[in-house]
Amino acid sequence: MPIQEDETLQMYLEESLEHLNDIENDILAIENDGADINEDLVNKVYRAAHSIKGGAGFMGLTNIKDLTHEMENILGKIRSREMIPVSGNINPLLKAADKLKELLDDVLNSNEIDIDSHVQELQTVLKNEIKTKQQVSEESAPADKQEYIETSEPRQSQVATGKADVPGAQHDTLALTFPGENEVLNITFDQITPYFKQSKHIYFVKIRINEDVLSQEKTFQSILEEMEQTGSIISTNISLPDSSDMDAHWTPDTRTAFFLFCTILKPTDISILFEVTEDQILELRKDHSLYFLNGDFVDTSNLPVSEPAPSAQQITQNQIPLETNLEPVEFEEITQPPEMTFQEETSPQMNIAMTNQVDQQTSLSISSQDKSADKSAGKKQAKFEHETSLRVHVSLLDQLMTLAGELVLSRNQLLQSMSSNDLRGSEIAGQRIDLITSELQEAIMLTRMQSIGNVFNKFPRVVRDMSQTMGKKVDLVLEGKEVELDKTIIEAIGDPLTHLVRNSVDHGIELPQVRQKAGKTPEGQIFLKAYHEAGQVNIEITDDGKGLDGNVLANKAIDKGLITEDQAKVMSSREKINLIFLPGFSTAEKITDVSGRGVGMDVVKTNLDQLGGIIDIDSELGKGSTFRIKLPLTLAIIPCQIILTGGERYAIPQVNLEELLRIPADQVRTRIERVGDADVVRLRGNLLPLIRLSDVIGVESLYFDIESGDCKKNRRNALTDRRSKKSPMAPPEEDLSTVPDEPINSEDRNTVQDRRYHSASALNIVVVSTGTMKYGLVVDDLQDSEEIVVKPLGRDLKKCKGYAGATIMGDGRVALILDVSNLAHMAGLISMENTVRAAEVAQDEKLAVRAKHDRQAMLLFRSAEDEQFSAPLNLVERIEKIKRSDIENVGGKRVIKYRGGSLPLFSIDEVADVKPLTDSDNLLVIVFKVTGREVGLLAMGPVDALDTGIEIDGSTLKQTGIMGSTIIDNNTTLMVDIHEIVKISNPQWFEEKPEEKQIKTETTILFAEDSTFFRNQVKGSIEQEGFTVLEAEDGVVAWDLLQEHADQISLVVTDIEMPNMDGFTLTTKIKQSPLFAHLPVIALTTLAGEEDIAKGKNAGIDDYQIKLDREKLMKSIINFLKAA
Amino acid sequence: MAYKVLTVDDSKTIRMIVKKAFSPYNCQLFEAENGVEGLALANKEKPDLIVLDITMPVMTGIEMLEKMKSEKELKGIPVIMLTAESGKENVMKIVKMGVRDYVVKPFKGDQLLERAKGILKLKPKD
């Protein structure tokens, strides 16, 4: 049967694909449930397979039908709890589901795709199951047939048998006999004709009493009952007693019983009823001939017949028209009018139909042969396009309709106003159209949105299959399935994401044993998360596997000749990790079939680049990796930064945009340096390579001359042309005699007056990122950022690599969209700066980062006009402005009413030898919290908070109440020790409980800190509390001390940023050593960023404390000691 | 007079095929997606024939048949059951329950029609 008309097929495909979408995850869920099956779920899958199969049969899709049939068999077993879903039987199911998808995708050619292996696999599963099942249930009795006795129709059998008792009454008789048997059953045509009219089947059955009944432990009566329930006995050679007299063990006195039995059961199913061998059942067809169940004609002459018997064939010669008016045997259901004694013309058809029934197998195979013949002539080219329709929620469609209506209204309004020269009206209409257009755009975008779940949902399977083949245990967590993305993007990110997930399983997650050794759970975790952020979609793939080893990657890249050793030396760990994106890079030592074909990650990156997305890796060795992908919501309309170069406008997609940098003319020479032959800009301790857009795309750079008011050509040859003396590209007119080594030295140059120092000559830099690298694009001017509609480039421009597309600006002119990664290639930019200078800067950066970690947020204030104090900002609760008159003197103490209580007040000069508190009327109270109480420090303004790198002099100006001094803004600033001040004025607050004292005297604490000031400070405060302190100036010393004094130390307090060995490493070492793992580790930090805290928790840090928050630190120490 | 034929199947495709098969004849087709809907429609329309699938969500064909057989009004309506090859155990069940006929899936429209012609006097539409 040829493929049915498109409409039906279309509907079938849509329906089937919908079923298939869920089938995979459902099968996985079934596997997870194991023996404890969720019936609803199994039913759902079963029905899905069933429906697909059903439709396939109609469409003549034999392969799909066969495959789903086998699937259904297994699912049926699972459903009836005859089979426990384990990976052994689930795997073939999943594979079959895949194949099915393949078949459906190419439905027109599906019959030619080879599915034998799948079918066989499924059949094997079934066979094995049946075997084991048979072994189990060999003994269980097969008698369970009483169920539907209520609905049986005993009357029929009586009618039929009654007739059999009066043989030969009519002239049209038929003698039936089995080949090789003597016994003949005589019937009349009248007996059988009505059944044929009802298109029932008539069977001639031989039942051997001993073999088929007694030895099967059945009773003859049960067989009779079965027959009566499923059809009617037309005739038999045995005389049946009345059903009322029949006792359960009645057996006829012959050896063999013959029945002529009428039922609706088809030849393919009849053997369920009669559990006898196939050759014991013959079918009596309308031509009054006997056929075997397989459809073969019973040719008695060819069979070994002991005695010549009147063959059925001979009898069938008496062909008599089936035009009799016999009352049909009554059936409850018969509702047809009596004139239903049959139209002649349907008979032949019916014959065909019956043949079809019997020959189902053959006819099907014939039809498929037909088809393959069809196709071998010309394979159907037209792949069936089933992705052409999209489901859109009706409400959305309604919304679109409304908007379209609005748009029409506004247009009418506009036309009207325009024709009547009503400027104001046009304006209003214009505004409306503007509004409606954006709404319309949004709504239309929504129709294209699909949830990322469509992509995510296939990963459970991917992960499961892979982890199974690789012997890993992986737990996949999906988050944010509902996040929606444009259809095109959804379709395009499937592959890259799959690759990343596969990579995570293959390379990321370790084998269970390895994981256990590393102290991780044997089960690895992969976390897939999608979320919206700033108009983009972020996708994160996180694994807690072994992480990427930058050095290994770098070595590999060197081996493969992708980079040089020198380059590798100066690369940051991040850059090294990003090497993985280089084309031709594969890290797997063994190339597996799952991933690691060496084309992986760069393809991922290219794919994502094409989507306007970027990818970024964050990885920590031994801890796992995170791949972060940023994608635009849609490809059609994107927000862009518009820039101007050479008088033309260009658009830079916002995804690529990191920041805009404007370097004022007078800073150009301090910020811009030349490294080798490249311009770089210093940006927060990093060197950022610069590209001049005008150079790359070959236009003339222009600048706007404010004085003359017009655009002039930019004559600057290099961004830093003053330093170009040391550049090979140096213009000859410059003085070559001074060759400064330092890029930023000679002051005298700043005095040179040229237009570059004019404000208009500031450098505009767009810092763009392509994911792997960041660079600065020097442009003439920066304009607005706006949403642009992406238009593909014309054919002629396709070759211009630097552009990703074009758009039309508001004034109708075309602006090109820049492709920042290709621009970088065109400029010959490589992602790593291979110079010593970069290494220096990297070193600087490291120091800067460390310095940053040792920075302290300070509150600056004064107590007297000319004396500046500071206190750690994190200790400050509040700052209140008060009047001197608000202060009350009660009980010899100064207090102020504060939040319904009395706040005790202090001033620094009470304790420390500093200038007395100002006598101004306006005072400040800085509220601190000490020992759980709030205290106020009287001070005066101006207050300021700043982040300062601390170089604290802990000796020169140290005195009671003053920790030390530092220089802030060229002022010597005294650091107040608020704790000490309060302690001196209110010693009774600090009395401690005896039990705590007990703990303290016995306790030694190891304290690691590189800054002398902090070391002394914190050590002092810990010692004051009565602990013994061992101090170390870095992690290495601390580790050594720990080894030496292993038995004394009961707690470790460590700084994070330290030379030689930092706090994280120290903690990791401690926690991994069986000797010290029990020691609590408290980390001290000046700023506890969340990432740090997370990192620290991973390393095993038990608690984080702020360096100068003495009280909390003590509390924490005591808590840990108590717990121990 | 047009016969009322009710097709009960969860698969749109099958229902469509059933509809198509009957479309040249003097039949009015009703569709239901599951046994519950089917039962409701059967009560309302009293069809002359029901083409009933077995595997359906909510209420299977077998359950629906059971319900029909226990209702006086409905037990006389002839039912052609759609069964699958894999569901042979079901065949016995439904045959015992007294369906008028059954068709093994996949079937062709003509096959179904042949079965139906054994029950209804189908005439081409005029």
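Residues numbered from 1 in each chain as written. Chains lettered and ligands numbered in written order. Predicted model: local features only at pLDDT ≥ 70, side-chain atom pairs only at ≥ 80, totals over all residues. Heavy atoms only, no water.

S.K.: Sorry, what's going on with the overall build of chain A here?
M.R.: Helix and strand content of chain A: 35 helices and 42 strands. Counting only residues that meet the buried cut, chain A has 49% of its 1124 residues in that class. Sequence separation of at least 24 residues holds for 69% of the intrachain contacts in chain A that already meet a minimum separation of 6. Just so you have it, chain A exposes about 54100 Å², and 49% of that area is on carbon and sulfur atoms. (Helix = DSSP H or I, 4+ residues; strand = E, 2+ residues; numbered from the N terminus. Buried < 20%, exposed > 50% of the residue type's maximum accessible area, 1.4 Å probe, protein only. Contact = heavy atoms within 4.5 Å. Areas by Shrake-Rupley, 256 points an atom, 1.4 Å probe, with all protein chains shown as cover.)

S.K.: Quick question: what am I supposed to make of the overall build of chain B here?
M.R.: Helix and strand content of chain B: six helices and five strands. Taken from the N to the C terminus, the helices and strands of chain B come in the order β-α-β-α-β-α-α-β-α-β-α. The buried share of chain B, taken over its 126 residues, is 67%. Looking at chain B alone, contacts between residues at least 24 apart form 63% of all its contacts between residues at least 6 apart. In the form shown here, chain B has an accessible surface area of approximately 4400 Å², with 50% of it arising from carbon and sulfur atoms.

S.K.: Explain the sheet that holds strand β41 (residues 1081-1085) of chain A here, please?
M.R.: The pairing of strands in a sheet comes from backbone hydrogen bonds and takes either a parallel or an antiparallel form. Residues and elements named next belong to chain A. Spatially, β39-β38-β40-β41-β42 is the arrangement adopted by the five strands of the open sheet, whose pairing is parallel. The open sheet has two edge strands, β39 (1028-1032) and β42 (1103-1106), and neither has a second partner. For this sheet, the mean angle separating the axes of adjacent strands, direction not counted, is 25 degrees. Sheet topology note: the strand β38 (residues 1004-1008)/β39 ladder contains five bridges and is parallel. Each residue of the ladder has a partner; that of A1008, found in β39, is A1032. Along the sheet face, helix α31 (residues 1012-1024) touches β38, β39 and β41 and points at about 165 degrees away from the line of β39. Each of β38, β40 (1049-1055), β41 and β42 touches helix α33 (residues 1063-1072); the most contacted strand, β40, lies at about 155 degrees to it. (Pairing = 2+ DSSP bridges. Axes fitted to C-alpha atoms, helices over the stretch in contact; angles between N-to-C directions.)

S.K.: Please explain the nonpolar core as it appears in this structure.
M.R.: For soluble globular proteins, the rule of thumb is that nonpolar side chains tend to be buried together. Within the largest apolar cluster, 65 residues are counted, with the highest numbers of intra-cluster contacts made by Y12, I64 and L93 of chain A together with F22, L49 and L122 of chain B. Setting aside residues up to four positions removed in sequence, L93 of chain A forms contacts with I27, M71, I74, L75, I78 and L122 of chain A. Residues I54, L65, M68 and M81 of chain B belong to the second largest nonpolar core, which totals 50 residues. (Core = buried A, V, L, I, M, F, W, Y, C linked by side-chain atoms within 4.5 Å.)

S.K.: I would appreciate a short explanation of empty space enclosed by the protein in the present structure.
M.R.: A water-sized probe, rolled over the atoms, reveals where empty space remains. Residues and elements named next belong to chain A. For the structure shown, the criterion picks out 12 cavities of 30 Å³ or more. Within this model, the largest cavity holds a volume of roughly 170 Å³. Looking at the largest cavity, it is lined by 17 residues, and the ones nearest its centre are L875, H979, L1108, D1109 and R1110. Every element with two or more residues in the lining of the largest cavity is listed here: β34 (922-930), α29 (978-985), α31 and α35 (1110-1123). Of the residues in the lining of the largest cavity, the class split is eight nonpolar, three polar and six charged. (1 Å grid on protein atoms, 1.4 Å probe; cavity = no way out; pocket = protein on both sides within 12 Å on 5 of 7 lines; lining within 4 Å. Points joined across faces, edges and corners; volume = space filled by probe spheres on them. Nonpolar A, V, L, I, M, F, W, Y, C, P; charged D, E, K, R; others polar.)

S.K.: Mind showing me how you'd approach the confidence of the model for chain A here?
M.R.: The predicted structure's coordinates, where accompanied by low pLDDT, should not be read in detail. Residues and elements named next belong to chain A. For chain A, per-residue confidence averages 72 on the pLDDT scale, and 73% of positions sit at 70 or higher. Mean pLDDT across the elements of chain A bottoms out in helix α6 (residues 154-165) (38) and peaks in helix α14 (residues 394-419) (90). Low pLDDT, under 50, characterises residues 136-171; the stretch is placed with 44 contacts to residues that sit more than four places away or in other chains. Contacts for the low-pLDDT stretch residues 831-836, under 50 throughout, to residues beyond four places or in other chains number 12 contacts. (pLDDT = per-residue confidence, 0-100.)

S.K.: Mind showing me how you'd approach the sheet that holds strand β11 (residues 524-533) of chain A here?
M.R.: All names here are of chain A. The strand order across the open sheet built from five strands is β9-β11-β12-β14-β13, with neighbouring strands paired in mixed fashion. Bordering the open sheet on either side are β9 (474-479) and β13 (614-620), each of which pairs with just one other strand. Neighbour-to-neighbour, the strand axes of this sheet turn through a mean angle of 15 degrees, independent of strand direction. Packing of helix α17 (residues 459-470) onto the sheet brings it into contact with β9 and β11, and relative to β9 it is tilted by some 170 degrees. Contacts between helix α18 (residues 487-508) and the sheet are confined to β9, β11, β12 (536-543), β13 and β14 (624-632), with β12 contributing the most and set at about 20 degrees to the helix.

S.K.: Is there a simple way to explain helix α7 (residues 189-197) of chain A in this structure?
M.R.: Because each turn of an α-helix spans 3.6 residues, side chains separated by three or four positions in sequence point in the same direction. All names here are of chain A. With nine of its nine residues buried, α7 lies for the most part within the structure. Within α7, burial applies to F189, D190, Q191, I192, T193, P194, Y195, F196 and K197. Directly after α7, the chain includes S199, whose backbone phi takes a positive value near 50 degrees.

S.K.: Help me out: how do you make sense of the pattern of salt bridges in this one?
M.R.: Opposite charge on two side chains permits pairing when their charged atoms draw close. Residues and elements named next belong to chain B. Per the counting criterion, the structure on display carries 25 salt bridges over all chains. The residue R15 makes a salt bridge to E31 at a minimum N-O spacing of 2.6 Å. Taken together, the positions of R15 in helix α1 (residues 12-22) and E31 in strand β2 (residues 27-32) put the pair 16 residues apart, joining distant regions of the chain. Judged by its relative accessible area of 33%, E31 falls in the partly exposed class. Close ionic contact of E31 with K19 constitutes a salt bridge, the shortest N to O distance being 2.9 Å. Highlighted residues: E31 in strand β2 and K19 in helix α1, separated in sequence by 12 residues. (Salt bridge = Lys/Arg side-chain N within 4 Å of Asp/Glu carboxyl O.)

S.K.: For this particular structure, what's the right way to read the packing of aromatic side chains?
M.R.: The geometry of an aromatic ring pair comes down to the distance between the two centres and the angle between the two planes. Residues and elements named next belong to chain A. Overall, the coordinates contain five aromatic pairs over all chains when judged by the stated rule. Look at Y650 and Y803: their rings are 6.4 Å apart centre to centre, the planes differ by 5 degrees, and that puts the pair in the stacked class. Pair noted here: Y650 is in strand β16 (residues 648-653) and Y803 is in strand β26 (residues 803-808), with a separation of 153 residues, a long-range link. By the burial criterion, Y650 is buried, and Y803 matches it. A ring pair is formed by W1039 and F1076, whose centres lie 5.7 Å apart and whose planes are at 80 degrees; its orientation type is edge-to-face. Here W1039 is found in helix α32 (residues 1035-1044), whereas its partner F1076 is found in the loop between α33 and β41, with 37 residues between them in sequence. (Phe/Tyr/Trp six-rings, centres within 6.5 Å; stacked < 30°, edge-to-face > 60°.)

S.K.: Is there a simple way to explain the pairing of β11 of chain A in this structure?
M.R.: Side-chain direction in a regular strand flips from residue to residue, so the side chains alternate between the two faces of the sheet. Residues and elements named next belong to chain A. Alignment of β9 against β11, held across six bridges, turns out to be parallel. Directly across from E479, in β11, lies its bridge partner K529. Here β11 pairs with β12 via eight bridges, running antiparallel. From the neighbouring strand, F527 faces β12, where its bridge partner is T542.

S.K.: Explain the packing of α32 of chain A against α33 of chain A here, please?
M.R.: Two packed helices can be described by the angle between their axes and the distance between those axes. Residues and elements named next belong to chain A. Where α32 meets α33, the closest approach of the two axes is 9 Å, and the angle between their N-to-C directions is 25 degrees. Considering the angle they form, α32 stands roughly parallel to α33. Pair α32 / α33 crosses with right-handed handedness. Between α32, through G1035, A1038, W1039 and L1042, and α33, the contact on the second element is made entirely by L1066, K1069 and I1070. Taken together, the residues of the contact of α32 with α33 sort by class into five nonpolar, one polar and one charged. (Parallel < 35°, antiparallel > 145°, perpendicular 65-115°, else oblique. Left-handed = near helix turned anticlockwise from the far one by under 90°.)

S.K.: Sorry, what's going on with the side chain of H201 of chain A here?
M.R.: Take H201 of chain A: it is sitting in strand β3 (residues 201-208). Within polar-contact distance, the side chain of H201 of chain A engages the side chain of E283 of chain A at 3.2 Å. H201 of chain A has contacts with F261, C262, T263, I264, L265, K266, P267 and E283 of chain A together with R115 of chain B, leaving out every residue within four places of it along the chain. (Polar contact = N/O pair within 3.5 Å; in protein donor to acceptor, adjacent residues only side chain to side chain.)

S.K.: Looking at this structure, I do not really get helix α20 (residues 550-559) of chain A. What am I missing?
M.R.: Residues and elements named next belong to chain A. Listed as buried for α20 are G550, L553, A554 and A557. For α20, the angular spread of buried residues about the axis comes to 100 degrees, placing them on one side. Buried residues along α20 sit against α21 (565-569) and α22 (573-578). Two or three places before N551, at the opening of α20, D549 has a side-chain oxygen 3.0 Å from that residue's backbone nitrogen. Two residues or fewer past α20, G561 is found with a positive phi of approximately 70 degrees. (Arc of directions from axis to C-beta.)

S.K.: Sorry if this is basic, but what is going on with the environment of G1035 of chain A here?
M.R.: Residue and element names in this part refer to chain A. Looking at where G1035 falls in the secondary structure, it is placed in helix α32. Given a relative accessible area of 0%, G1035 falls into the buried group. For the pair G1035 and E1009, spaced 26 residues apart in the sequence, the C-alpha separation amounts to 8.1 Å. Setting aside chain neighbours within four positions, we find G1035 in contact with M1058, P1059, M1061 and L1066.

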